[in-house]
Amino acid sequence: VQLQASGGGLVRAGGSLRLSCAASENLESIYISKLSWYRQGPGMGRDLVASLTTRGSTNYADSVNGRFTISRDAAKNIVYLQMNSLKPEDTAVYYCYVMYRFASYWGQGTQVTVSS
């Protein structure tokens, strides 16, 4: 599975960005069990931000709950992360992730920088 993330950039606190992750596989495939976004801040580990199961269940990190929304466009094989009310602490490289046939696949990462 190939994943191509895009949509990162520089935004002021309080602003919004939408990240996209284009997948080479059908996102409704029975072999896909989870679609997620992770992020890695400077000097930090890679943490889960949001996940979406193929049944439509979502899960969010406490720090982004209510501000971020994960969704997918099955027709376009794209997973989105809508990020609103951004804060400087949201600054990180964001990675999309897919579990396909129980193997993990990562996108290349897209930088999000939030200025105060």
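Look above for the structure.
As the structure is a computational prediction, the values presented were derived from the model and not from experiment.

Caption draft 1: Representation of the side chain of Ser51 in the model. Tracing the chain through its elements places Ser51 in strand β5 (residues 46-52). Among the residues examined, Ser51 registers a relative accessible area of 8% and is labelled buried. When sequence neighbours within four positions are dropped, the list of residues in contact with Ser51 reads Lys34, Leu35, Ser36, Ser57, Thr58, Asn59 and Ile70.

Caption draft 2: Summary view of the state of the cysteines. Scanning the model with the defined rule gives 1 disulfide in all. Cys21 shares a disulfide with Cys96; S-S distance 2.2 Å. Handedness of the Cys21-Cys96 disulfide follows from its S-S torsion of about 65°: it is right-handed. You can see Cys21 sitting in strand β3 (residues 17-23) and its partner Cys96 sitting in strand β9 (residues 92-100), a full 75 residues away along the chain. When sorted by exposure, Cys21 lands in the same class as Cys96, which is buried.

Caption draft 3: Structural context of the pairing of strand β7 (residues 68-73). Here β7 pairs with strand β8 (residues 78-83) via 6 bridges, running antiparallel. Directly across from Arg72, in β8, lies its bridge partner Val79. The hairpin formed by β7 and β8 contains 4 residues between the paired strands, and Asn77 there has a positive phi angle of roughly 55°.

Caption draft 4: Up close: unusual backbone geometry. Despite not being glycine, Asn77 has its phi angle at roughly 55°, a positive value. Here Asn77 lies in the loop between β7 and β8. Given a relative accessible area of 18%, Asn77 falls into the buried group.

Caption draft 5: Structural view of the sheet that holds strand β1 (residues 3-6). One open sheet accounts for 4 strands, arranged β1-β3-β8-β7; its pairing is antiparallel. Two strands close off the open sheet at either side, each with one partner strand: β1 and β7. Each adjacent strand pair in this sheet contributes to an overall mean axis angle of 15°, direction not counted.

Calculation notes
- Residues numbered from 1 in each chain as written.
- Predicted model: local features only at pLDDT ≥ 70, side-chain atom pairs only at ≥ 80, totals over all residues.
- Heavy atoms only, no water.
- Helix = DSSP H or I, 4+ residues; strand = E, 2+ residues; numbered from the N terminus.
- Buried < 20%, exposed > 50% of the residue type's maximum accessible area, 1.4 Å probe, protein only.
- Contact = heavy atoms within 4.5 Å.
- Disulfide = S-S within 2.5 Å.
- Pairing = 2+ DSSP bridges.
- Axes fitted to C-alpha atoms, helices over the stretch in contact; angles between N-to-C directions.

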